[in-house]
Amino acid sequence: MSNSRDSWTGQVGFIIAAAASAVGLGNLWRFPASAAKGGGGIFLLTYLVLFFSFGAFLLLTEISIGRATKLSPIEAFRKLSKKWVFLGYFQTIIPFLIMPYYAVIGGWVIKFLLQYIFVGQVPDGLFGSFVADIPQVVGFMLVFAISTFVFIFLGVQKGVERSNKVMMPALLLITIAMALFVCLQPGMKEGLRYYFYPDFSKLTAETALSALGQMFFSLSLAMGIMITYGSYVPKRTDLPRSAIQIGVCDTLVAFIAGVVIIPPAFAFGGEALATSAGPGLMFVSLPKIFVEMPFSRFIAILFFMLVLFAALTSSISISETCTASLADRTKWPRRKAAAVVLVYMLIAAIPSAVSLNFLDKTDYIVNSIMMPICALLTCVFIGWVVGPKFVKDEVERSHHKMPFFAYYRVLIRYLAPILVFIIFLGAL
Ligand code: PHE
């Protein structure tokens, strides 16, 4: 009896923690902006195909590496092959690059939340004047970064995980409700059509690369996070099922966020605005739709609170990984490592806070260049150095059959590396 309960909490706890890392600003802020820029429906379709044919398997692979080695990324790669430690380092650098600009966007969310709480509405053009007001942007970034580290220092993860059980479904529900509302509004047809109708003439290597990078970011892949999380997973856990649940949940939130954000941008600003807004899309589009909604102030406050919560849980997972890697490497006590990471984050965030362009460029380099290279190398490593059977064995330790193994072998050895390489070359 106690045994079966143990394993149950283990599996559910893991899925919730991993889903909480995955669902964040990547889904609500980044996905709609990438989709709008990447041709709408065709981006959606590319993303789905990439997720089911590749992303879900890569997620499973990373979790398996973690569970098999029980180590954080650098040590995990060292254990599997001395020559490939560099890949562990590469995976570890990426969260260090994401963390600072993630805090800047987290700060934008706090600004909008407070605006709705204290002023009740967001006037036209607020986003533009806000991002130009550097002391304000830096201030809100600080609030977000420090909140993240309050959790890391206090180590109240347990409490965070418990609130997740309420906050994540709440976020999903309110996003669905908002999506339905958007669909019922007049004037949304053009945007909905753009978002759902795949126009194959817009299928370029650039779109595919952007979808690929978006997928890695959103699933927290190619940055050691899922390896770290996998290292805490009990041996009994059904890995393929967990991977699918985490991935589908993440993808669902992203898709629905697109319905909420893209059509209003089309309706109020036309295609030109929607497809060029970039990182600001969510913050320009949402206020327009809130104005139309009944109880708009209340709904806006609730929505931004949930977004903030999702952003914080993701930010905690990035910062936690950086802290753990640094503590492992230097043998410093955890608190010292956490303090150093916090100071680094505050300094490294300044350029992104000062310049939207810098933020956008960093985001592009990390997601469209570093993460694909990292994922490609991981596939080559598993496919040719340790062998795909390593993952199969790890999955089957819990007496769950490895699904589609024949396909997985071909995917990890040939398809994925070649595909990533081609997309990459095509885009450059
Ligand atoms: N996956 C998270 C999101 O979608 C972001 C994230 C990136 C989390 C990197 C951890 C590490 O927002």
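Located above this text is the structure these notes cover.
(A) Just the overall build of the protein, in detail. A tally of helices and strands in the protein yields 19 helices and 0 strands. Rg of the C-alpha trace for the protein: 21 Å, near the compact-globule value of 22 Å for 428 residues, within the 12% margin. By the burial criterion, 58% of the 428 residues in the protein qualify as buried. Of all intrachain contacts in the protein linking residues separated by at least 6 positions in sequence, the fraction that spans at least 24 positions is 84%. Total accessible area on the protein is roughly 17,200 Å²; 70% of this is exposed by carbon and sulfur atoms. Here the protein carries 33 positive and 20 negative side-chain charges, and the mean point of each set is 9 Å from the other.

(B) Representation of the site of the ligand within the structure. The ligand sits among 15 residues. The nearest are Ala22, Gly26, Tyr102, Phe217 and Met223. For the ligand, an oxygen atom lies 2.7 Å from a polar atom in the backbone of Gly26. Within the side chain of Tyr102, one N or O atom sits 2.6 Å away from an oxygen atom of the ligand. Protein chains bury 100% of the 320 Å² of accessible surface belonging to the ligand in isolation. Those elements that provide at least two residues to the shell around the ligand are α1 (2–22), α2 (25–37), α10 (205–218) and α14 (296–330).

(C) Structural detail: the environment of Gly120. Looking at the secondary structure, you find Gly120 in the loop between α5 (85–118) and α6 (126–132). Gly120 sits 49 residues away from Leu71 along the chain, and the two C-alpha atoms are 48 Å apart. Sequence-distant contacts of Gly120, defined by excluding residues within four places in its chain, comprise Gln115 and Arg297.

(D) How the structure looks around the packing of α2 against helix α17 (residues 356–386). Relative to each other, α2 and α17 sit at 85°, their axes nearing to 14 Å. As far as their axial angle goes, α17 and α2 are roughly perpendicular. Counted together, Trp29, Arg30 and Lys37 of α2 and Leu359, Asp360, Asp363 and Asn367 of α17 form the full contact between these two elements.

(E) Inspection of the state of the cysteines at higher detail. Considering all chains together, one arrives at 0 disulfides under this definition. Here Cys183 stays free of any disulfide, with the sulfur of Cys249 as its closest cysteine sulfur at 20 Å. Left without a disulfide partner, Cys374 is nearest to the cysteine sulfur of Cys379, which lies 9.9 Å away.

(F) View of unusual backbone geometry. Even without being glycine, Ser220 reaches a positive phi, approximately 55°. Its place among the elements puts Ser220 in the loop between α10 and α11 (225–230). Although it is not a glycine, Phe404 adopts a positive phi angle of roughly 50°.

(G) Molecular detail of the packing of aromatic side chains. In the structure shown here, the tally under the stated rule is 32 aromatic pairs. Ring centres 5.6 Å apart and planes at 10° place the aromatic pair Phe127 and Phe283 in the stacked group. With Phe127 in helix α6 and Phe283 in helix α13 (residues 281–292), this pair connects stretches of sequence that are 156 residues apart. Using a relative accessible area of 9% as the deciding quantity, one classes Phe127 as buried. With relative accessibility at 1%, the residue Phe283 sits in the buried group. Ring-pair connections join several aromatic residues into one group, and the members of that group are Trp108, Phe112, Tyr116, Phe127, Phe283, Phe290, Phe303 and Phe304. Of note, Arg193 hangs over the ring of Tyr197, and the distance from its end group to the ring centre comes to 4.5 Å.

(H) Molecular detail of the side chain of Thr207. Counting through the fold element by element, Thr207 comes out in helix α10. In contact with Thr207, other than residues within four places in its own chain, are Gly38, Ile42, Phe43 and Lys202.

(I) Local environment of the pattern of salt bridges. All chains considered together, the criterion is met by 11 salt bridges. For Asp124, the salt bridge is made with Lys288, and the minimal N-O distance between the two is 2.8 Å. One end of the pair, Asp124, is in the loop between α5 and α6; the other, Lys288, is in helix α13, and 164 residues separate them in sequence. The exposed category is assigned to Asp124, whose relative accessible area is 67%.

(J) Local environment of helix α18 (residues 389–396). Buried residues of α18: Val391, Lys392, Glu394 and Val395, and no others. Along α18, the residues classed as buried sweep out an arc of 165° about the axis, all on the same side. Next to the buried residues of α18 lie α3 (41–69), α12 (239–276), α17 and α19 (405–427).

So, how was this worked out
Residues numbered from 1 in each chain as written. Predicted model: local features only at pLDDT ≥ 70, side-chain atom pairs only at ≥ 80, totals over all residues. Heavy atoms only, no water. Helix = DSSP H or I, 4+ residues; strand = E, 2+ residues; numbered from the N terminus. Rg over C-alpha atoms; globule rule 2.2 N^0.38 Å. Buried < 20%, exposed > 50% of the residue type's maximum accessible area, 1.4 Å probe, protein only. Contact = heavy atoms within 4.5 Å. Areas by Shrake-Rupley, 256 points an atom, 1.4 Å probe, with all protein chains shown as cover. Lys, Arg positive; Asp, Glu negative; His and termini not counted. Charge placed at Lys NZ, Arg CZ, Asp CG, Glu CD. Near = heavy atom within 4 Å. Polar contact = N/O pair within 3.5 Å; in protein donor to acceptor, adjacent residues only side chain to side chain. Axes fitted to C-alpha atoms, helices over the stretch in contact; angles between N-to-C directions. Parallel < 35°, antiparallel > 145°, perpendicular 65-115°, else oblique. Disulfide = S-S within 2.5 Å. Phe/Tyr/Trp six-rings, centres within 6.5 Å; stacked < 30°, edge-to-face > 60°. Lys NZ or Arg CZ within 6 Å of the ring centre and 35° of its normal. Salt bridge = Lys/Arg side-chain N within 4 Å of Asp/Glu carboxyl O. Arc of directions from axis to C-beta.

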